[in-house]
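Single-letter residue listing:
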Amino acid sequence: WQLKNTKLTFEGIEIEPKLVERFFSLIEKKRLEEKVVVVEKDLRECNLSKATVIFLYLLPEAIEEIAPKLLKEFQRGCRIVSNTWGIKGWEAHKTGSFGAFYQNK
């Protein structure tokens, strides 16, 4: 959690209330309230046009549903990172493995 020393800010969008509570707890535990915010919303209803990076942790069906919205709203240069599954019909510019993303400490 090296986020404290960066000028970047992060906004998470999550539809499941229990996951939002869990994220709030982790953010508070790591003292990242000034850097990270999580909102309880449906991604399909959010404006993504100001995002510079979009990280998707969705099942393939949900990715396929959200793909037209991404195409319509994301700005040139925006990076879209998808956990596990790609976006049907899109060619990845780069793929990689980053190891364990979440550590329960």
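Residues numbered from 1 in each chain as written. Predicted model: local features only at pLDDT ≥ 70, side-chain atom pairs only at ≥ 80, totals over all residues. Heavy atoms only, no water.

## What about the environment of Phe-55?
Moving on, step 1. By secondary structure assignment, the location of Phe-55 is in strand E3 (residues 53-56).
Moving on, step 2. The class for Phe-55 is partly exposed, based on a relative accessible area of 41%.
Moving on, step 3. Note: C-alpha distance between Phe-55 and Val-81 (26 residues apart in sequence) is 4.6 Å.
Moving on, step 4. Discounting chain neighbours no more than four positions away, the residues touching Phe-55 are Val-81 and Asn-83. (Helix = DSSP H or I, 4+ residues; strand = E, 2+ residues; numbered from the N terminus. Buried < 20%, exposed > 50% of the residue type's maximum accessible area, 1.4 Å probe, protein only. Contact = heavy atoms within 4.5 Å.)

## Quick look at the confidence of the model for the chain
Moving on, step 1. On average, residues of the chain score 85 in pLDDT, and 90% of them are at 70 or above.
Moving on, step 2. Averaged pLDDT values for the elements of the chain fall to 86 in strand E4 (residues 79-82) and rise to 94 in helix H1 (residues 17-29). (pLDDT = per-residue confidence, 0-100.)

## Focus: the pattern of salt bridges
Moving on, step 1. Evaluated as defined, the whole model comprises 3 salt bridges.
Moving on, step 2. Note that Asp-42 and Arg-44 form a salt bridge whose closest N and O atoms lie 2.6 Å from each other.
Moving on, step 3. Classification of Asp-42 by relative accessible area gives buried; the value is 16%.
Moving on, step 4. Using a relative accessible area of 46% as the deciding quantity, one classes Arg-44 as partly exposed.
Moving on, step 5. One salt bridge connects Lys-69 with Glu-73, and the closest N-O pair in it is separated by 2.8 Å. In this pair, Lys-69 and Glu-73 are both assigned in helix H2 (residues 60-73), 4 residues apart and thus about one turn of the helix distant. Across the pair, exposure class does not vary: Lys-69 and Glu-73 are buried alike.
Moving on, step 6. Connected through salt bridges with shared partners, the residues Asp-42, Arg-44 and Glu-65 form a single ionic network. (Salt bridge = Lys/Arg side-chain N within 4 Å of Asp/Glu carboxyl O.)

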